[in-house]
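Listed here are the chains, written in short residue letters.
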Amino acid sequence: MTTLLDVHKLSRDFGGVRAVNQVDFQVREGEILALIGPNGAGKSTVLNMVSGVIPPSEGEIRFSSQPLTRVQGYEYAGLGITRTFQNLQTFDDMTVLENVMVGMHTKTSASLFSCGMNLAKSRKEEKLMQEQAQTWIANVGLAEVASSLAGSLPYGKLRLMEIARAMVAKPRLLLLDEPAAGLNHTETAEMSRMFCEIRDNGTAILLVEHDMDMIMTIADRIVVLDQGSKIAEGTPREIQENPRVIAAYLGA
Ligand code: ADP
Ligand code: MG
């Protein structure tokens, strides 16, 4: 299968501390690759580098064979990489629809506006964007609260709203940092089903998650980090039986 994301000898230092150490992995088209490991293993740091939030100290990241070295943070969504965050990044005093539409600004043509586009056309574009946002709001099961303020929603629904926001940009690669954290069993199962659907519709997923049930059910392959280094890679079954992985999780 074609490689979509190629991470090569990726490292990141914070002061004197090496948070990510020479990590290699690939995400292929059409798969869910899970990135797991104990707290502090370097998972979020890897996602932050892959999404352009922080630069690597060493190593290379290629997306669709193109190096991402000179790509600016705001350009990632346009390229086809979007993400959610370990800590919610939502606007409480905006509606769900407005929150989701934040994910679309990279897809609007700023140049059209600056060229003096007429109002009718901008209204048409706005309406189209709203329809696309509503589609994803419905897909994640939030249609009934689309015009509610985000601040009035429970935590689980805000997590879903963030996924809708990441999906409206029609990414080829979706990065998720602990999307099921704080969700109950039913919500997690529903989210798992949704991730499989997203994958089956052609968006590859790089999933950081602690919920082992979710990982073992939906991941096609798993990469395991411990203290910044990759210690294992394989299918869910291989990873479950891997002695190094078991030792890392038991703190042995
Ligand atoms: P994980 O997501 O696997 O729990 P992180 O990537 O958040 O791990 O963190 C990996 C290591 O890098 C930890 O030791 C953490 O304290 C350190 N770290 C992460 N971000 C920063 C930062 N901005 N400044 C300093 N240290 C950091
Ligand atoms: Mg983390």
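Residues numbered from 1 in each chain as written. Chains lettered and ligands numbered in written order. Predicted model: local features only at pLDDT ≥ 70, side-chain atom pairs only at ≥ 80, totals over all residues.

Here we look at the domain arrangement of the protein
Often the size quoted for an interface is simply the accessible area lost on bringing the parts together.
Thought 1: Domain boundaries in the protein define domain 1 (1-80 + 171-182 + 203-252) and domain 2 (90-168).
Thought 2: Centre-to-centre separation of domain 1 and domain 2, based on C-alpha positions: 28 Å.
Thought 3: Taken together, the seven residues of domain 1 in the interface contact six residues of domain 2.
Thought 4: In terms of residue class, the side of domain 1 that touches domain 2 is made up of five nonpolar, two polar and no charged. (Domains from an automatic or database assignment. Contact = placed C-beta atoms within 7 Å. Nonpolar A, V, L, I, M, F, W, Y, C, P; charged D, E, K, R; others polar.)

Concerning helix α6 (residues 155-167)
Within an α-helix, residues lying three or four positions from one another point in the same direction, as the helix has 3.6 residues per turn.
Thought 1: Helix length check: α6, at 13 residues, gives a terminal C-alpha distance of 19 Å against a target of 18 Å (1.5 Å per residue), a fit within 8%.
Thought 2: Buried within α6 we find Arg159, Leu160, Met161, Glu162, Ile163, Ala164, Arg165, Ala166 and Met167. (Helix = DSSP H or I, 4+ residues; strand = E, 2+ residues; numbered from the N terminus. Expected span 1.5 Å × (residues − 1). Buried ≥ 20, exposed ≤ 12 C-beta atoms within 10 Å, placed from the backbone.)

Side note on unusual backbone geometry
Thought 1: Here Gln22, not a glycine, exhibits a phi torsion of approximately 50°, which is positive.
Thought 2: Its location among the elements puts Gln22 in strand β2 (residues 17-28).
Thought 3: C-beta crowding within 10 Å serves as the criterion here: with 14 such atoms nearby, Gln22 is assigned to the partly exposed category.
Thought 4: Unlike most non-glycine residues, Ser64 shows phi in positive territory, near 50°.

Re the environment of Lys9
Thought 1: Mapped onto the fold, Lys9 is located in strand β1 (residues 3-14).
Thought 2: Counting along the chain gives 32 residues from Lys9 to Ala41, while the straight-line C-alpha distance between them is 16 Å.
Thought 3: Setting aside its immediate chain neighbours within four residues, Lys9 contacts Gln22, Asp24, Glu58 and Gly59.

Digging into the confidence of the model for the protein
Thought 1: Looking at the protein as a whole, the pLDDT averages 91, with 92% of positions reaching at least 70.
Thought 2: pLDDT under 50 marks residues 108-115. Its contacts with residues more than four places away, or in other chains, come to three contacts. (pLDDT = per-residue confidence, 0-100.)

Looking at the site of ligand 1
Thought 1: Close contacts around ligand 1 come from Phe14, Ala19, Gly37, Asn39, Gly40, Ala41, Gly42, Lys43, Ser44 and Thr45, and that covers them all.
Thought 2: Broken down by element, the shell around ligand 1 gets its largest block of residues, three residues, from helix α1 (residues 43-50).
Thought 3: Looking at side-chain class alone, the shell around ligand 1 contains three nonpolar, six polar and one charged residues. (Near = placed C-beta within 6 Å.)

Observations concerning the nonpolar core
Thought 1: In terms of nonpolar packing, the biggest core is built from 65 residues, with Leu35, Ala164, Leu206 and Leu207 touching the most fellow members.
Thought 2: Two domains share this core, each providing at least three of its residues, namely domain 1 (1-80 + 171-182 + 203-252) and domain 2 (90-168).
Thought 3: Aside from chain neighbours lying at most four places away, what touches Leu206 is Leu5, Val27, Leu33, Leu35, Val50, Leu173 and Leu175. (Core = buried A, V, L, I, M, F, W, Y, C linked by C-beta atoms within 7 Å.)

Observations regarding the sheet that holds β2
Thought 1: If you walk across this open sheet you meet the four strands as β2-β1-β4-β5, and the pairing is antiparallel. Every interior strand has two partners, whereas the edge strands, β2 and β5 (66-67), have only one.
Thought 2: Here β1 runs beside strand β4 (residues 58-63); their pairing, made up of five bridges, is antiparallel. Across the sheet, the residue bridging to Leu5 is Phe63, located in β4.
Thought 3: Here α1 sits on the sheet in contact with β1, β2 and β4, set at roughly 120° to β1. (Pairing = 2+ DSSP bridges. Axes fitted to C-alpha atoms, helices over the stretch in contact; angles between N-to-C directions.)

A short note on α1
Thought 1: Of all the eight residues making up α1, seven are buried; the element is thus mostly covered by neighbouring parts of the structure.
Thought 2: Gly52 occupies a position one or two residues after α1 and carries a positive phi of about 80°.

As for the sheet that holds strand β8 (residues 204-208)
Thought 1: If you trace the six strands from one edge of the open sheet to the other, you get β6-β7-β8-β3-β9-β10, paired in mixed fashion. Two strands close off the open sheet at either side, each with one partner strand: β6 (81-83) and β10 (229-234). The sheet shows a mean angle of 20° between the axes of neighbouring strands, taken without regard to direction.
Thought 2: As defined by bridge partners, strand β3 (residues 32-36) adjoins strand β9 (residues 221-226) across four bridges and the pair is classed as parallel. In the sheet register, Ala34 faces β9, and the bridge partner there is Ile222.

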